[in-house]
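Chain residues, written in single-letter form:
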Amino acid sequence: MANKSFDGYTLLAPAVVFLCFVFVYPLIQVVWGSFFYGGFSFNGYARIWAVPVYRQVIGTTFRIALFSTGICIVLGYVVAYFISSTHGVLRRVLTAAVVIPLILNVLVRNYVWIILLQRNGPVDHLLSAFGVAGDSRELLHSESAVMIGMVSSLLPYMILSTLASLLAIPEQLRHASTSLGSSPIRTFRRVTLPLSLPGAAAGGLIVFIISVGFYITPALLGGRRDLMISNVIAFNVNETLNWKLAFALGTILLVCTVTAYGAYASWLKKKLISHGRLSY
Amino acid sequence: MTSFWLNLGKAALAVPALLILAFLIVPSLAVVPMSFSDSMVYKLIPEHPSLVQYQSFISSDGWISALLNSFKVAIGTALLATTLGCAAAFGLTRIDSRVRAILQGLFVLPQAVPSIVIAVAMYFTYSKLGINGSIIGIVMAHTAMALPFVLMIVGSAIHNLEPSLAEASRSLGSNSVRTFFRVTMPQVYTGVLGGALFAFHFSFDEVVLSLFLTGASTKTLPVKIWDGLFFEVSPILPAISSLLILIPIVLFVLFMTISANRNSRASAHASDGARPLDAQDKEEVVMIASPAEQSL
């Protein structure tokens, strides 16, 4: 058995060493640099704290991420519930339809939204047909455009994870509920919804974590160079070469994301253990 | 009576659900008709369909070299990520469960950390090492990011392994390497192939890391598209985007063809004995293992 372990570690060594050098070491440099670049100081963090624009950006980032996640949860649940109510070929076709946008390049997806949302574009014409005034039709280069782009990128993940949790509910529970006299709405409210909500919430958490780190979508659809945290980081690296600030912002983003992901992972593990699907 | 309302309810649910699905799919497919337009302004439905955009793309040095760079990087990533990932996936099955949990955490990190942070970190490190803008640098970066996915895919293929075949091979005298290539590999190679194709697709489509880590001569296709979106209104972007859609479709078809071949061979075996380990499998294992015995 010791031999088996040794084989295991030998096989793992290249990948682990590779990741440590190529991935972990640069990240450590970022965290280190946020304090020590150009001499030890808290300048980077102090600036983020003191200058209002950075707090605004952090607030904007979380606001956009929160709204996009909320929309994704609602829309995702509707679609997932519908798909879970279908069977056989139709269900497979619909599930494939959900997966298709995922193979698309993020640039192409956002670029199409630029075309659709631009002035005199299709959406503009659609809205004016509904009588929406000229000013409110300025969709492109705004937070709303970014949210639309984000939702269209993240919805498939949300749908798939909610669908998985809906399909995991044993059919007998619903049958039992209806055979005991519940109306379909009551069955949904008292049986289906509570059982599927944890899975949907987990999907929502992942979607939120991903949204906070978005870079391409706000850069293309947002209209400003510095809408979300990732854009400000890029700005400081490319334009102002303020490495310390970029490192500080990056460390904050890194710590928040990894912590949130860790919380999600330990919640998932507890859930799997309690459901008997994990043995340690 | 109740079933009428039930069906009505289901129909009522279908409408918003289908609308949302349309919201997802239509933009994805909108570039295709756009790519046949010949005007300088983007038109969703072209007035005079033509292949002008595709012709401009093929005759443009800049775009073709970007396409070649993308291919080089993607192939390199697929090879490196699959090798490291396969070894790691097998290694994970043999070690202590506590260490395994920690390592699995490490392997999931590239997926969990925002790309911009990774991009900036690598940009800084690569600049200090002087390898910024090199092909090998981007290949390493893409490999690091693709590794979690390869591990997942290969890991689930390993999960479905039949352990007794490998044990039989070892007990008949084959060494580890022979056993691996002749017994284990044929069982998991669909998963390995899937991992490799995924790594290829991931690298080909990757934007954020490539933006920071490529140089003028090593620009990949997504980076050039990005430039086109920001700095010049390039009318051939729809054609390039359509080509980008084509790549994963081709990869998917490739994957399905190869794994279908494998499945039809496997089901031919099963029709002999309808048991997972039939006489033919055992014979194969003996035949593979015995030359090693003879050389003793």
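Only a predicted model underlies this, so the values are computations on that prediction, with no experimental measurement involved.

Criteria and thresholds
Residues numbered from 1 in each chain as written. Chains lettered and ligands numbered in written order. Predicted model: local features only at pLDDT ≥ 70, side-chain atom pairs only at ≥ 80, totals over all residues. Heavy atoms only, no water. Contact = heavy atoms within 4.5 Å. Buried area = accessible area lost by both parts, 1.4 Å probe. Salt bridge = Lys/Arg side-chain N within 4 Å of Asp/Glu carboxyl O. Nonpolar A, V, L, I, M, F, W, Y, C, P; charged D, E, K, R; others polar. Helix = DSSP H or I, 4+ residues; strand = E, 2+ residues; numbered from the N terminus. Buried < 20%, exposed > 50% of the residue type's maximum accessible area, 1.4 Å probe, protein only. Core = buried A, V, L, I, M, F, W, Y, C linked by side-chain atoms within 4.5 Å. Phe/Tyr/Trp six-rings, centres within 6.5 Å; stacked < 30°, edge-to-face > 60°. Lys NZ or Arg CZ within 6 Å of the ring centre and 35° of its normal.

A. Fine view of the interface of chain B and chain A. On the chain A side, the residues contacting the 73 residues of chain B number 67 residues. Carbon and sulfur atoms supply 85% of the area buried between chain B and chain A, which totals about 6400 Å² over both sides. Area buried by chain B at its contact with chain A is led by L24, R94 and F124 of chain B, which between them contribute 10% of it. There are zero salt bridges connecting chain B and chain A. Here the side of chain B that touches chain A is composed, by residue class, of 62 nonpolar, seven polar and four charged.

B. Quick peek at the pattern of salt bridges. All names here are of chain A. Tallying each qualifying case throughout the model produces four salt bridges over all chains. Here E171 makes a salt bridge to R174, at a shortest N to O gap of 3.9 Å. Residue E171 and its partner R174 are located together in helix α8 (residues 171-179), separated by three residues, close to a single helical turn. Accessibility expressed as a relative area gives 16% for R174, which makes it buried.

C. Representation of the environment of G222 of chain A in the model. All names here are of chain A. Structurally, the position occupied by G222 is in the loop between α10 (216-221) and α11 (229-238). When the C-alpha atoms of G222 and H141 are compared, they prove to be 4.4 Å apart, with 81 residues separating the residues in sequence. Once residues lying within four places of it in the same chain are set aside, the contact partners of G222 are H141, S142, V146, T217 and L227.

D. A look at the nonpolar core. F107, I116 and M122 of chain B are the most contacted members of the largest nonpolar core, which totals 143 residues. Looking at this core element by element, the count peaks at 13 residues for helix α6 (residues 135-159) of chain B. Excluding anything up to four places from it in sequence, F107 of chain B contacts L12, A15, V16 and L19 of chain A together with A88, L92, P148 and L151 of chain B.

E. Geometry of the packing of aromatic side chains. This structure, assessed with the given rule, holds 26 aromatic pairs over all chains. When the ring of W243 of chain A is compared with that of F124 of chain B, the centres are 5.1 Å apart and the planes differ by 55 degrees; the resulting orientation is tilted. Here F124 of chain B lies in helix α5 (residues 115-129) and W243 of chain A lies in helix α12 (residues 243-274), a pairing that spans two chains. For F124 of chain B, a relative accessible area of 10% puts it in the buried group. Relative to F200 of chain B, the ring of F71 of chain B lies with its centre 6.0 Å away and its plane at 45 degrees, an arrangement referred to as tilted. Separated by 129 residues along the polypeptide, F71 of chain B in helix α3 (residues 61-93) and F200 of chain B in helix α8 (residues 176-205) bring together distant segments of the chain. Overall, F71 of chain B belongs to the partly exposed group, its relative accessible area being 31%. Taking the relative accessible area as the measure of exposure, F200 of chain B reaches 11% and is therefore buried. It is R55 of chain A that lies over the ring of W49 of chain A; its NZ or CZ is 5.4 Å from the centre.

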